[in-house]
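One letter stands for each residue in the lines below.
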Amino acid sequence: MIEVLSVTSEVYPLIKTGGLADVAGALPGALSGSGVTMRTLVPGYPAVMARLSGGREVASFADLFGVRGRLVAGRVDGLDLIVLDAPALYDRPGNPYVGPEGWDWPDNWKRFAALSWVASELGLGLVEGYRPQVIHAHDWQAGLVPAYVKYGPSPTLKTVMTVHNMAFQGTFGAEIFGQLRLPEHAFSVEGVEYYGGVGYLKAGVECADVVTTVSPSYAGEIRTPAFGMGLEGLLNNRSATVFGVLNGIDMDAWNPATDPALAQTYTASTMQNRLANKRAVQEAFGLDQADGPLFAVVSRLTWQKGIDLLAANIDLMVAEGAQLAVLGSGDAELENAVRSATMRHPGRVGLVTGYNEKLSHLVQGGADVMMVPSRFEPCGLTQLYALRYGCVPLVSRVGGLNDTVIDANVAALQAEVATGVQFAPPSETALADAIRRTLALYADEKSWKKMQRRGMKSDVSWATSAARYAQLYASLIGLSTDDSADD
């Protein structure tokens, strides 16, 4: 077996702000049949500690970047966890990254440097009887892990850096460097230095043995100025060790046949049961109990997610006979744009702000169309959930959206392989055309139901991608996947 330590700032079902948590929560189980044992290192936020009753202390720190801390090992919901319990760093209410006023915690540099440093110490054998061969770091919050390993005393320890979203890089002023427990020469272009400061994601991309991102299309896009966010040159220099591995979803947590969040469960052969969920969605969003097409958005309400493009097309959607349900929160201006549409079109447009896991499941089970009009999307899980639930995705042709949805163009419809609607470029007019095309497809009830069923039969599981990760881990430590499975 290959021992892998996953390092993440959030993990479902314990703590979640977005797709990272879903990936970190699903990957260990997906790898279990591939010769890989994965433990997950996560900060001891209140929500995590509350679920870790019965855990055992396996290490302690008198001086963890100036605070006291300890490691607690335990098992929760099938996850083998090592939790960094440092109350001075993580015992804070609400969102794990921002304070109650909506600003980043000013000591985020320390909170996640501590997480990364502890991961590297685990790689050196900090806990008796446990020594991972590979550390898999996720996003900027774990970006210093490869740097601590590179400049540490264990050249055999291997690291994988996964970029879930290049837009979030964890950049801080140079003044923090002296407190990071790195040698002076690590503050260089080959280390953690980034435009005169310290770049956590940049450090991970520079120092890791392998860099992955969460879809093949995004792996290509981030090597261009439009999507590389300043790191495209480094990624091009490292192109031989940059791979796109498509995300999957937890097929048990997202299963319309058994989902307790639904008003009525269903399968591909009992699609008529979706109507009860549609009615429940309409009620939850204050919409009329109408029979026309119900479009939905489950998203952060941001420019990246194309919510301004959506807002510009709401009047068109209503004029064409559609309803819209929006679940999410984000930029105040975009929230207000959607909210004003609910006032212009009562009973036709509904908005529920905030994060609501249960309601997001219901929306997938009841809406007819799931809109993901992102300007860039590394992978996206929303469209994968939509396919699984027979909710036809309408997506922009970028990143993982391009890799997972087959556009209902003439050829795809004739070949009966279409699973959704794509549009490009991400603009108001292109989205308007896609909405009209989607409405025309919806009007052909027989073809629409076929497209729904094809989506439900799509392979959106982790099976293929987990095997690819197992192969990467094995290659790093000089094993074949057959060797690891036999151990």
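Above this text you will find the structure in question.
This one's a predicted model, so the numbers in the text were calculated from it and none came from an experiment.

Each value, and the rule that gives it
Residues numbered from 1 in each chain as written. Predicted model: local features only at pLDDT ≥ 70, side-chain atom pairs only at ≥ 80, totals over all residues. Heavy atoms only, no water. Core = buried A, V, L, I, M, F, W, Y, C linked by side-chain atoms within 4.5 Å. Buried < 20%, exposed > 50% of the residue type's maximum accessible area, 1.4 Å probe, protein only. Contact = heavy atoms within 4.5 Å. Helix = DSSP H or I, 4+ residues; strand = E, 2+ residues; numbered from the N terminus. Pairing = 2+ DSSP bridges. Right-handed = clockwise from strand over helix to strand, strands pointing away. Salt bridge = Lys/Arg side-chain N within 4 Å of Asp/Glu carboxyl O. Expected span 1.5 Å × (residues − 1). Axes fitted to C-alpha atoms, helices over the stretch in contact; angles between N-to-C directions. Lys, Arg positive; Asp, Glu negative; His and termini not counted. Polar contact = N/O pair within 3.5 Å; in protein donor to acceptor, adjacent residues only side chain to side chain. Arc of directions from axis to C-beta. Parallel < 35°, antiparallel > 145°, perpendicular 65-115°, else oblique. Left-handed = near helix turned anticlockwise from the far one by under 90°. Nonpolar A, V, L, I, M, F, W, Y, C, P; charged D, E, K, R; others polar.

Attention now moves to the nonpolar core. Among the nonpolar cores identified, the biggest contains 78 residues, and Leu-41, Leu-64, Leu-71 and Leu-180 are the most heavily contacted of them. Excluding its chain neighbours within four sequence positions, the residues that come into contact with Leu-180 are Phe-65, Trp-109, Ala-113, Leu-144, Tyr-148, Val-198 and Tyr-200. Ile-314, Leu-334, Val-392 and Val-421 belong to the second largest nonpolar core, which has 33 residues in total.

To continue, consider the pairing of strand S2 (residues 36-43). Where burial is concerned, most of S2 is hidden: 6 out of the 8 residues are buried. Alignment of strand S1 (residues 2-7) against S2, held across 6 bridges, turns out to be parallel. What sits directly across from Glu-3, in S2, is Thr-37. The handedness of the S1 to S2 crossover, carried by helix H1 (residues 19-31), is right-handed. Strand direction decides the pairing type here: S2 and strand S5 (residues 79-85), joined by 4 bridges, are parallel.

So, about the pattern of salt bridges. Where charged atoms from two side chains of opposite charge come close, those side chains can pair. Per the stated rule, a full pass over the model turns up 17 salt bridges. A salt bridge links Arg-70 to Asp-85; the nearest nitrogen and oxygen atoms lie 2.8 Å apart. Highlighted residues: Arg-70 in strand S4 (residues 67-76) and Asp-85 in strand S5, separated in sequence by 15 residues. According to the relative accessible area criterion, Arg-70 is partly exposed, its value standing at 29%. In this structure Asp-85 comes out as buried when scored by relative accessible area, which is 11%.

Here the focus is helix H11 (residues 307-319). When the terminal C-alpha atoms of H11 are compared, their 19 Å separation across 13 residues agrees well with the 18 Å that a helix rising 1.5 Å per residue should span. Those residues of H11 lying buried are Ile-307, Leu-309, Leu-310, Ala-311, Asn-313, Ile-314, Leu-316, Met-317 and Val-318. Considering only its buried residues, H11 is in contact with strand S13 (294-298), strand S14 (323-327), helix H12 (332-344), strand S15 (349-352), strand S16 (369-372) and helix H17 (428-443). Of the residues one or two after H11, Gly-321 is the one with positive phi, at around 95°.

Before going further, it helps to examine the sheet that holds S5. The sheet built from 9 strands is open, its strands ordered S3-S4-S5-S2-S1-S6-S7-S11-S12 with mixed pairing. The open sheet has two free edges, formed respectively by strand S3 (56-64) and strand S12 (242-244), since each of these has just one partner strand. For this sheet, the mean inter-axis angle between neighbouring strands, taken without regard to orientation, is 25°. When strand S7 (residues 158-163) meets strand S11 (residues 210-213), the two strands line up parallel, connected through 4 bridges. Among the inter-strand pairings, Val-160 is bridged to a residue of S11, identified as Val-210. Helix H6 (residues 200-207) contacts S7 and S11 of the sheet and is inclined by roughly 130° relative to S7.

Remark on secondary structure: sheet strands pair via backbone hydrogen bonds, oriented parallel or antiparallel. Ordered in space as S8-S10-S9, the 3 strands form an open sheet in which the pairing is antiparallel. If you trace the sheet from one side to the other, it starts and ends with strand S8 (171-172) and strand S9 (193-194), each paired once. Strands S8, S9 and strand S10 (197-199) of the sheet are contacted by H6, whose axis makes an angle of about 60° with S10.

Within the secondary structure, Arg-238 is located in the loop between helix H9 (232-237) and S12. The buried charged residue Arg-238 lacks any salt bridge partner; its closest oppositely charged side chain belongs to Glu-206, at an N-O distance of 6.3 Å. Only 3.2 Å separates the side chain of Arg-238 from the backbone oxygen of Asp-209, close enough to count as a polar contact.

A few words on unusual backbone geometry. At the junction of Tyr-12 and Pro-13, the peptide bond is cis and its omega measures out at 10° in the coordinates. Positionally, Pro-13 belongs in the loop between S1 and H1. The peptide bond linking Ala-424 to Pro-425 adopts the cis configuration, its omega dihedral lying at -5°. Note on placement: Pro-425 falls in the loop between strand S18 (421-423) and H17. In the Ramachandran plot, Arg-181 falls in the positive-phi region, its phi being about 65° despite a non-glycine side chain. Here Arg-181 shows up in the loop between S8 and S9. In this model, Glu-416 sits at a positive phi of 55°, which is unusual for a non-glycine residue. Mapping Glu-416 onto the fold places it in the loop between helix H16 (410-414) and S18.

Here H12 contains 13 residues, and its C-alpha end-to-end distance of 18 Å stays within 8% of the 18 Å for a straight helix at 1.5 Å per residue. Within H12 the residues assigned to the buried category are Leu-334, Glu-335, Val-338, Ala-341 and Thr-342. Angularly, the buried residues of H12 cover 120° about the axis, an arc narrow enough to put them on a single face. In H12, the exposed positions that point more than 90 degrees away from the buried face belong to Ala-332, Glu-333 and Met-343. In this fold, the buried residues of H12 make contact with H11, S14 and S15.

Of the two faces of S16, the one carrying Val-369 and Met-371 and the one carrying Met-370 and Val-372 are both buried. As paired elements, S13 and S16 share 2 bridges and run parallel to each other. In the strand pairing of S16, Ala-296 is matched with Met-370. Two strands pair when backbone bridges link them, and S16 and strand S17 (residues 392-396) are joined in this way by 4 bridges, in the parallel orientation.

Further remarks concern the packing of helix H13 (residues 357-366) against helix H14 (residues 382-389). When two helices pack together, their arrangement is given by the angle between the helix axes and the distance between those axes. In contact at an axis separation of 8 Å, H13 and H14 are set at 50° when each is read in the N-to-C sense. In terms of their interaxial angle, H13 and H14 are classed as oblique. Like other packed secondary-structure pairs, H13 and H14 cross with a definite hand, here right-handed. Here His-361, Gln-364 and Gly-365 of H13 come into contact with H14, specifically with Thr-382, Tyr-385, Ala-386 and Tyr-389. For the contact of H13 with H14, the per-class residue count stands at 3 nonpolar, 4 polar and no charged.

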